[in-house]
Amino acid sequence: MKNRLLLLCLYFFCVVPIGASTFTVTNNLDRGEGSFRWAVEQSNRETGISNIRFDLPSGSKIVLDTTITFTSPFDLDGSLDDGFVTIVSEKRIANSYESYMFNVKSEETDSIVFRNIKIGYDIKDRYALPNTINADSVSGKIIFENVNLFSSWFAIKVLHPELDLEIVNCSFDSIVSSVVSGIPDDPLKQMSDYVSWKRVVVDNCLFRKCNNAVEGGAQNNHSLLEITNCSFESCDYLTGGVLVDSAIIKKCNTNNCKYGIEFIAEDLRAKVIVDSCNFTNCIRTAIDCVLDGLDVQITNCSFNESPISHDYFQLVFLHREYFSDERSKVLFENNVVGDAFGNSTGALIEATNAVVRNNYFYGNNDKGFLSEGYAFADWGSDTLLLEN
């Protein structure tokens, strides 16, 4: 009995915010008392964080007809007795690619939490899919825990310099564009003109048939991107066009992805660490970093079985675009690189200071070093330490 009481106390202290109001969804209608929309409307009237819970049969699905807007912080938990609730739209909510299923407009500092829920669109034409969650005005913390987002254009839109985003134990399926997008809607803005977040942490997540896991970012804002223990299957990019002050990618696996990691620095100091990752069947380039200002460390990774069909693509491509000052550094150490077919190169590096050591090159890349089509090529690094 004492143990049961202790567990109950821990649940209410750790899971349910103390003093928060709780609004329970009791039917799967789109409107009216007891509906999900009604629960959100009640939550929006609260000054602090509130809880939204579900008392529905297992396997319940709620179909939305129009966008739902959140204006106060909330803890949304879709747990049922057996499984999670599913929230979908069966049509484009608005006649615009900028439409969203959820608009989160809370500007308070309390956390916003999505957990134990499935959200997506039931639309057959994938190029007509709208977006799922717009949180581009949120300045506090957003947590996604044990969430499945599926079949949408953008899954999560963010764009605030103080945003702290955590995505843990989630899965993403058939996201046509980006799972996390920090790109502004204004097409005239350049990448250096905006700040997408302060911190993004993605851990133990699965990405399937997604174009891009994370895009956007910022520099000179102490911004951090951390991706750990994740799997990527048949995606285009793990990261695409990302600007950060610091990025850490560890213990991730990619399979049958077109590209892997892409980072850009734009002549500003930034550090990228890729460690203990496995890149299998990358169709083009596993890692592509524009090194103007980047300090890149790639260690303990494997790059293998990549059926590259185009000439002069590389498994690892680390290069300078515009500048040749003493800012671009590369450490490429303890990696296994192999099977880049045709005239492709296993690792091609051009940096101010490059260290390449203790790597193993095999397969069709056994022709030698320091030339295109070979295991390793140097494009003219100012200083190069090569120890293999």
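Look up: the structure comes first, before these words.
Only a predicted model underlies this, so the values are computations on that prediction, with no experimental measurement involved. (Residues numbered from 1 in each chain as written. Predicted model: local features only at pLDDT ≥ 70, side-chain atom pairs only at ≥ 80, totals over all residues. Heavy atoms only, no water.)

Draft legend 1. Looking closely at the overall build of the chain. For the chain, the helix and strand inventory stands at two helices and 36 strands. Scored against the burial criterion, the 388 residues of the chain give a buried share of 54%. When contacts within the chain are restricted to residue pairs at least 6 apart in sequence, those whose partners lie at least 24 apart make up 71%. In the form shown here, the chain has an accessible surface area of approximately 16500 Å², with 48% of it arising from carbon and sulfur atoms. (Helix = DSSP H or I, 4+ residues; strand = E, 2+ residues; numbered from the N terminus. Buried < 20%, exposed > 50% of the residue type's maximum accessible area, 1.4 Å probe, protein only. Contact = heavy atoms within 4.5 Å. Areas by Shrake-Rupley, 256 points an atom, 1.4 Å probe, with all protein chains shown as cover.)

Draft legend 2. Representation of the pattern of salt bridges. Taken as a whole and assessed by the stated rule, the structure comprises 12 salt bridges. Its salt-bridge partner being Arg53, residue Asp75 comes within 3.3 Å of it at the nearest N-O pair. With Asp75 in strand β5 (residues 74–77) and Arg53 in strand β2 (residues 50–54), the pair connects residues that are 22 residues apart, well separated along the chain. For Asp75, a relative accessible area of 3% puts it in the buried group. Note that Lys141 is salt-bridged to Glu166, the shortest N-O span being 3.0 Å. Of this pair, Lys141 sits in strand β10 (residues 141–152) while Glu166 sits in strand β12 (residues 164–168), placing them 25 residues apart in sequence. Overlapping salt bridges, with partners in common, bring together Arg53, Asp75, Asp77, Arg115 and Glu145 in one network. (Salt bridge = Lys/Arg side-chain N within 4 Å of Asp/Glu carboxyl O.)

Draft legend 3. The side chain of Ser178, seen in detail. Take Ser178: it is sitting in strand β14 (residues 178–181). A distance of 2.9 Å separates the side chain of Ser178 from the side chain of Glu215, its partner in a polar contact. In this structure Ser178 touches Trp153, Phe154, Ala155, Asn212 and Glu215, once residues within four positions along its chain are discounted. (Polar contact = N/O pair within 3.5 Å; in protein donor to acceptor, adjacent residues only side chain to side chain.)

Draft legend 4. Spotlight on unusual backbone geometry. At Lys251, a residue that is not glycine, the phi angle is positive and equals roughly 55°. For Asn300, which is not glycine, the phi torsion reads 60° and is therefore positive. Summarising the element assignment, Asn300 is placed in the loop between β27 (294–299) and β28 (302–304). Asn300 sits in the partly exposed class, given a relative accessible area of 40%.

Draft legend 5. Structural context of the nonpolar core. By size, the foremost hydrophobic cluster in this structure holds 91 residues, and its most contacted members are Phe36, Phe54, Phe102, Phe114, Phe172, Phe207 and Phe332. Ranked by the residues each element gives to this core, the list is headed by strand β8 (residues 112–121), at five residues. With sequence-adjacent residues up to four places away left out, Phe172 is seen in contact with Asn148, Leu149, Ile156, Ile167, Val179, Cys205, Leu206, Phe207, Arg208 and Cys210. (Core = buried A, V, L, I, M, F, W, Y, C linked by side-chain atoms within 4.5 Å.)

Draft legend 6. Quick peek at the packing of aromatic side chains. Applying the stated criterion to the full structure yields 12 aromatic pairs. These aromatic residues form a ring-pair network of at least three members: Phe36, Phe54, Phe70, Phe74, Phe102, Phe114 and Phe144. If you follow Lys157 out to its NZ or CZ, it ends over the ring of Phe154, 5.7 Å from the centre. (Phe/Tyr/Trp six-rings, centres within 6.5 Å; stacked < 30°, edge-to-face > 60°. Lys NZ or Arg CZ within 6 Å of the ring centre and 35° of its normal.)

Draft legend 7. Local environment of the pairing of strand β24 (residues 270–275). Sheet analysis places strand β21 (residues 246–250) next to β24, joined by five bridges and oriented parallel. Directly across from Ser246, in β24, lies its bridge partner Lys271. Both β24 and β27 contribute to a ladder of six bridges, which runs parallel. Across the sheet, residue Asp275 finds its bridge partner in β27, namely Thr299. (Pairing = 2+ DSSP bridges.)

Draft legend 8. Quick peek at the pairing of β2. Of all five residues making up β2, five are buried, and the element is well covered by its neighbours. A two-sided burial pattern is seen for β2, the buried positions comprising Ser50, Ile52 and Phe54 on one face and Asn51 and Arg53 on the other. Bridging between strand β1 (residues 22–25) and β2 involves four bridges; their strand directions are parallel. For Phe23, the partnering residue across the bridge sits in β2 and is Ile52. Relative to β5, β2 runs parallel, the two being bridged by three bridges. When the bridges of β5 are listed, Asn51 appears paired with Asp75.

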